[in-house]
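Observations on the three-dimensional arrangement
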Number of protein chains: 2
Amino acid sequence: MQDGTRLVNAGKLREYCGLLFRKAGVPKDEADINADNLVEADLAGVESHGVTRMGIYLKRLRVGATNPVMEVKTVADAPGTAVIDACNSMGAVSSRHAMQVAIEKAKNVGVSFVSLRNSNHNGMAAYYTKMALEHNMIGFSATNSASRTAPWGSRVALLGTNPFSWAIPAGKELPIVADMASCVVARGKIQLAQKKNVPIPPGWALTKDGDETTDPTAALSGCVLPFGGPKGSGIATIVEVLTGILAGSAFSTHIRDMYADFDGPIYVSQYFGAIDVAVFEPVAEFKAKVDELITIIKTSPKAKGVNEVFLPGEIEARTRRERLDKGIPLSTLTLDELRREGEAYGVPYTLA
Amino acid sequence: MQDGTRLVNAGKLREYCGLLFRKAGVPKDEADINADNLVEADLAGVESHGVTRMGIYLKRLRVGATNPVMEVKTVADAPGTAVIDACNSMGAVSSRHAMQVAIEKAKNVGVSFVSLRNSNHNGMAAYYTKMALEHNMIGFSATNSASRTAPWGSRVALLGTNPFSWAIPAGKELPIVADMASCVVARGKIQLAQKKNVPIPPGWALTKDGDETTDPTAALSGCVLPFGGPKGSGIATIVEVLTGILAGSAFSTHIRDMYADFDGPIYVSQYFGAIDVAVFEPVAEFKAKVDELITIIKTSPKAKGVNEVFLPGEIEARTRRERLDKGIPLSTLTLDELRREGEAYGVPYTLA
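All values derive from a computational prediction rather than experimental measurement.

1. Overview of the pairing of strand β3 (residues 81-85) of chain B
Successive residues of a regular strand alternate their side chains across the two faces of the sheet. Residues and elements named next belong to chain B. Burial of β3 is extensive: five of the five residues sit out of reach of the surface. Residues T81, V83 and D85 of β3 are buried on one face, and the alternating residues A82 and I84, pointing to the opposite face, are buried as well. Pairing analysis gives five bridges linking strand β2 (residues 73-78) to β3, with the strands arranged antiparallel. Paired with A78 across the two strands is T81, which belongs to β3.

Encoded structure:
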């Protein structure tokens, strides 16, 4: 355990955050989903999408920038597709609804693609794609975001971090769950380097003048680079179209910043889809082959300096098991913030 | 024009290659598609998927390893999906058929996902995704291949180069057409470095012992690395599942090598899909927004040392225009090979 962190029980954390959301006007079942979404990210070791977001979520609810009670309107519909207006509801509840619609549609026609417009920050994308697994489906999803990434060759942040996720059911093995941003690195990691006063690796970011930099402060006033150069830039561009543009909503610099724009919606969009394995081949055969692929990769000779080869989502699943058992390490900074929110809303602090 | 290359007219090249395919037993309309597929890659500047492949395509036809006459069987079908058995037909004709099925299904239900099993090398993936554009649809496709890429952390080639493509219709602007391998670099580029006796950049490949190398010869006996490290490795893994495993066919090291295994099929699989823009929003609005995104990116301030910011597919479209006008630069090596094939099949050489 690092200095300045404390282990917190996941159940207690979920309950405490749920109570805070309820105090901010969110109905109980929706408050539970919002809390679960954040705690699942912390359990998976994806702290950047965990309860560290409570402060901004609550602030947006408090000032009326986000709709506390879920409203969803289907604005376009076909057997395999839909456009759903999230009506500025919380990201996790409207996203969960849209993924459920995607799963139902895939049951009917084999594949689906559902656009969600006028949504909000929805946390870890894998939270939704994993919903497909119990239906023996492959799930996929992505979200746009306020512009943070420079297209390859540009020095201006014109594309979101645009994370995307795929979840694939396995048999005896863990499911394959990929979840990655289209940029090299989360902005949060650059902020952390700034706090620790250490340089960032080359290739992460540009200064506002378009120079490569290893100085976190210069990077934060510039932009993050796409991963894999032009390839990640291409992926971020595709995600920008498949989310905001296809949803008939905002894209690129038209998307507003949840940390800066408090006078209304941020016009974030997501897509959710599912592929029903059973219409392609018997589910047991599919799962046996996925297991075999996992075994081939896991047991392969390792590159120099590597102790273990991991499948996508494996480290997160292992971290989740450990943290369910031992607790989630939260920084005192995050815990102080949660305590203060509790004081403001009259929720007794139970995380000490 | 480089030393050892000659400019060849695209129409003449298409005709000549079509004649060679016909002599190898391919019906005229299918021969034309196979030739067009290769010539379009050369026009786009994607030489690695161009007529340099004629030799291996003809050899496989000659020894009976590939079925010269297209046969396709639908082995599973749902409103938005299908599994099609290509019956070891040529990759381009069976892939074109599968993409047409995907477009028809998307017309009916809004989105589609069609698996093609027992297929063959199908050239440039964008050749198929671009078919969606005239229907105001977004096209997507990927293929697996003989194992060439090491999963992140492994030192063994267990995943294909697994290229994937997306094509997005625009209005006044060029369509956005992304087409990329899941590995850092095409193996062909390492072969070229070996021929030129120059080192390859770090990060491209590992030796067979798992060490990083800049020696092209050591790299060719080792494996190529995924692009963007664990991210590209995750993408290659997802493509491996969505192609071969979902198609109920071969995957990873079970896929055979078209350059080494001549006693039958190589069991390559592809997927093809389409998203019908019109069921999401009015097509004109969608296209206007795509145009605006393109303009935002094209006119943005450039990073240091960059002369122009390019959208995915823009360089290829520009190269295509130039080469349609001036001719395709082909190496004397490739031209000699084409001439010899003509001599063997009794096709007069018209590319001099």
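On we go.
2. Topic: the nonpolar core
If you look at the biggest cluster of nonpolar residues, it comprises 78 residues, and the most contacted ones within it are I275 of chain A together with I275 of chain B. The contact partners of I275 of chain A, leaving out residues within four places of it in the chain, are G110, V111, N136, M137, I138, F140, W166 and F280 of chain A together with F113, L242 and L246 of chain B. With 53 residues, the next largest nonpolar core counts V26, I33, L38 and I266 of chain A among its residues.

3. Things to note about the sheet that holds strand β10 (residues 223-224) of chain A
Residues and elements named next belong to chain A. In spatial order, the strands read β9-β8-β10; together these three strands make up an open sheet with antiparallel pairing. Taken across any chain shown, the strands that pair with only one partner, and hence form the sheet edges, are β9 (212-213) and β10. Of the strand pairs in this sheet, strand β8 (residues 205-206) and β9 are connected by two bridges, and their pairing is antiparallel. What sits directly across from L206, in β9, is E212.

4. Points about the state of the cysteines
In total, this model carries zero disulfides over all chains according to the counting rule given. C183 of chain A takes part in no disulfide bond, and the closest cysteine sulfur, belonging to C223 of chain A, lies 10 Å away.

5. Observations regarding the sheet that holds strand β4 (residues 111-119) of chain B
Strand order in the open sheet made by the seven strands is β2-β3-β4-β11-β5-β6-β7 (chain B), with mixed pairing throughout. Whereas interior strands pair on both sides, the edge strands pair on one side only; in this sheet they are β2 and β7 (176-180) of chain B. Put simply, the sheet's adjacent strands are angled 10° from each other on average, direction ignored. With four bridges connecting them, strand β5 (residues 137-143) of chain B and strand β6 (residues 164-168) of chain B associate as antiparallel partners. Bridge pairing links S141 of chain B to S165 of chain B in β6 of chain B. Strands in contact with helix α8 (residues 230-245) of chain A are β5, β6, β7 and β11 (268-276) of chain B; relative to β7 of chain B, the strand with the most contacts, it is inclined by about 135°. Where helix α4 (residues 91-109) of chain B meets the sheet, its contacts fall on β2, β3, β4, β5 and β11 of chain B, and the angle it forms with β4 of chain B comes to roughly 160°.

6. Re the domain arrangement of chain A
Residue and element names in this part refer to chain A. Along its sequence, chain A is organised into domain 1 (1-62 + 300-352) and domain 2 (70-183 + 226-285). Listed as interface residues are 23 residues of domain 1 and, on the opposing side, 23 residues of domain 2. Each partner contributes to the roughly 2000 Å² buried at the junction of domain 1 and domain 2, and carbon and sulfur atoms together form 63% of this total. Interface area lost by domain 1 to domain 2 is led by I33, N37 and R60, which between them contribute 29%. The interface formed by domain 1 and domain 2 contains zero salt bridges.

7. Here we look at the environment of D209 of chain B
Along the polypeptide, D209 of chain B turns up in the loop between β8 (205-206) and β9 (212-213). Between the alpha carbons of D209 of chain B and V156 of chain B there is a distance of 8.9 Å; along the sequence they are 53 residues apart. Excluding its chain neighbours within four sequence positions, the residues that come into contact with D209 of chain B are K304 of chain A together with R155 of chain B.

8. Observations concerning the relation of the copies chain B and chain A
Rotating chain B by 180° and translating it 0.0 Å along the rotation axis places it on chain A, where the RMSD comes to 0.0 Å. Within this description, the copies of the chain are treated as partners about a two-fold rotation axis. Judged by C-alpha distance, G228 of chain B is the residue of chain B that lies nearest the rotation axis, at 2.2 Å. When the interface residues of chain B are mapped onto chain A, 100% of them are again interface residues, pointing to one common binding face.

9. Looking at the interface of chain B and chain A
Counting from both sides, the interface comprises 76 residues of chain B and, opposite them, 76 residues of chain A. Of the roughly 5900 Å² buried between chain B and chain A, counting both surfaces, carbon and sulfur atoms make up 75%. A per-residue breakdown of the area chain B buries against chain A is headed by K231, L246 and F280 of chain B, which together make up 12% of the total. Between K304 of chain B and D211 of chain A there is a salt bridge, with its nearest N and O atoms 2.8 Å apart.

Cut-offs applied
Residues numbered from 1 in each chain as written. Chains lettered and ligands numbered in written order. Predicted model: local features only at pLDDT ≥ 70, side-chain atom pairs only at ≥ 80, totals over all residues. Heavy atoms only, no water. Buried < 20%, exposed > 50% of the residue type's maximum accessible area, 1.4 Å probe, protein only. Helix = DSSP H or I, 4+ residues; strand = E, 2+ residues; numbered from the N terminus. Pairing = 2+ DSSP bridges. Core = buried A, V, L, I, M, F, W, Y, C linked by side-chain atoms within 4.5 Å. Contact = heavy atoms within 4.5 Å. Disulfide = S-S within 2.5 Å. Axes fitted to C-alpha atoms, helices over the stretch in contact; angles between N-to-C directions. Domains from an automatic or database assignment. Buried area = accessible area lost by both parts, 1.4 Å probe. Salt bridge = Lys/Arg side-chain N within 4 Å of Asp/Glu carboxyl O. Least-squares fit on C-alpha atoms with pLDDT ≥ 70 in both.

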